[in-house]
Amino acid sequence: MANRCYQSNIYTFSGFLSEGDQAVFFEMERELSFVPWTLFGGGESCGRKMLRFGSPEMLGYEEEFPIRCLIIRPTARKFADALTHRDFLGALMNLGIERDVLGDIIVRDNVGYVFCESAMAVFLKEHLSQVKHTAVFCEITTACPAEANPEFSPQELNVSSERCDVIVAKAYQLSRSQSILLFSSKRVFVNGRQYENNSGSLKPGDVVSVRGYGKFIYDGMQSETKKGRIRVRICRYV
């Protein structure tokens, strides 16, 4: 993709990449530095993202990411099932599409917000009529709806330090050894990059994602106790 962008002077786009896929890209970042790149998933907080090679400075023109948001609403909300992320994903997969054409799926008040490739949004609008046992209808928007913006639950933690493994252990009520195992098994990501250095310190604004547990923003140290421990704040994605 990088070579094609460089040689043909065109933007090139990947499908939607998981955090693990993005970590593979970051391992190659230095050797691909001859072409500017951008990661974007349709909304500022999206975890699954497309990779775009090229920039207006390099190519002389702008080309937006081919991403749309498909809004899936129950036809009769009074009689709708209680729909979950798994229900929406299952209904989409049942149409025979590949996962890499779909970005994040956000559920708010029984409505699904699905970021997907532009062409796929049109297909889904025409063919998706049911989620679980609930009849639905779809609409397409180019901008991220306000309803799909992330919601946070602030939480303060008493910890011994700002080490990443210490904060992860406290945030998810794990033992120190369980926390360290998450790092060695490559399940921890900080700002989209795989984070194997469990002794590294977090900085305010860092986004920490732990596969299987969730995601939070580290908001920094708030105060220090008389016993030398510190009180830190995180904002957990809900």
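The preceding data block contains the structure.
Cut-offs used in this document
Residues numbered from 1 in each chain as written. Predicted model: local features only at pLDDT ≥ 70, side-chain atom pairs only at ≥ 80, totals over all residues. Heavy atoms only, no water. Buried < 20%, exposed > 50% of the residue type's maximum accessible area, 1.4 Å probe, protein only. Helix = DSSP H or I, 4+ residues; strand = E, 2+ residues; numbered from the N terminus. Pairing = 2+ DSSP bridges. Polar contact = N/O pair within 3.5 Å; in protein donor to acceptor, adjacent residues only side chain to side chain. Contact = heavy atoms within 4.5 Å. Axes fitted to C-alpha atoms, helices over the stretch in contact; angles between N-to-C directions. Left-handed = near helix turned anticlockwise from the far one by under 90°. Nonpolar A, V, L, I, M, F, W, Y, C, P; charged D, E, K, R; others polar.

Trainee: How would you sum up helix α6 (residues 164-171)? Please name residues and give values.
Mentor: Across the 8 residues of α6, 7 count as buried, placing the element largely inside the fold. If you check which residues of α6 are buried, you get Cys164, Asp165, Val166, Ile167, Val168, Ala169 and Ala171. Two residues or fewer past α6, Gln173 is found with a positive phi of approximately 55°.

Trainee: Before we move on, could you go through the sheet that holds strand β14 (residues 230-237) and cite the residues and values that matter?
Mentor: Sheet strands pair by backbone hydrogen bonding; their relative direction is either parallel or antiparallel. One open sheet accounts for 6 strands, arranged β9-β14-β13-β12-β10-β11; its pairing is antiparallel. Strands with a single pairing partner mark the edges of an open sheet, and in this sheet they are β9 (152-159) and β11 (193-194). Of the pairings in the sheet, the one linking strand β12 (residues 207-210) to strand β13 (residues 214-224) comprises 4 bridges and is antiparallel in character. The residue of β13 that forms the bridge with Val210 is Gly214.

Trainee: An account of the side chain of Thr12 is needed here, citing residue identities and associated values.
Mentor: Assignment of secondary structure puts Thr12 in strand β1 (residues 12-17). Residue Thr12 is classed as buried on the basis of its relative accessible area of 2%. In terms of polar contacts, Thr12 uses its side chain to reach the backbone carbonyl oxygen of Met1, at 3.0 Å. Ignoring any residue separated from it by four or fewer positions in sequence, one finds Thr12 in contact with Met1, Arg4, Cys5, Leu51, Arg52 and Phe53.

Trainee: Quick rundown of the sheet that holds strand β2 (residues 37-40)? Include the residues and the values.
Mentor: Across the sheet, 3 strands lie side by side as β1-β3-β2; this open sheet has antiparallel pairing. Edge positions in the open sheet fall to β1 and β2, since each of these has one partner strand only. The sheet shows a mean angle of 15° between the axes of neighbouring strands, taken without regard to direction. Looking at chain direction, β1 and strand β3 (residues 49-53) are connected through 4 bridges and run antiparallel.

Trainee: Run through the packing of α6 against helix α7 (residues 176-184), naming residues and quoting values.
Mentor: In helix packing, the relevant descriptors are the interaxial angle and the interaxial distance, both defined with respect to the helix axes. The geometry of α6 relative to α7 is characterised by a closest axis approach of 9 Å and an angle of 115° between their N-to-C directions. Handedness of the crossing formed by α6 with α7: right-handed. In contact with Cys164, Asp165, Val166, Val168 and Ala169 of α6, α7 contributes Arg176, Ser179, Ile180, Leu182 and Phe183. When its residues are assigned to classes, the contact of α6 with α7 shows 7 nonpolar, 1 polar and 2 charged.

Trainee: Please provide a residue-by-residue account of the environment of Tyr11, values included.
Mentor: Inspection of the secondary structure puts Tyr11 in the loop between α1 (2-8) and β1. Residues Tyr11 and Gly54, spaced 43 residues apart in sequence, show a C-alpha to C-alpha distance of 5.1 Å. With near-sequence residues (within four places) excluded, Tyr11 lies in contact with Arg52, Phe53, Gly54, Ser55, Pro56, Leu59, Tyr61, Glu62 and Glu63. A polar contact is formed between the side chain of Tyr11 and the backbone oxygen of Ser55, at a distance of 3.4 Å. A distance of 2.5 Å separates the side chain of Tyr11 from the backbone oxygen of Tyr61, its partner in a polar contact.

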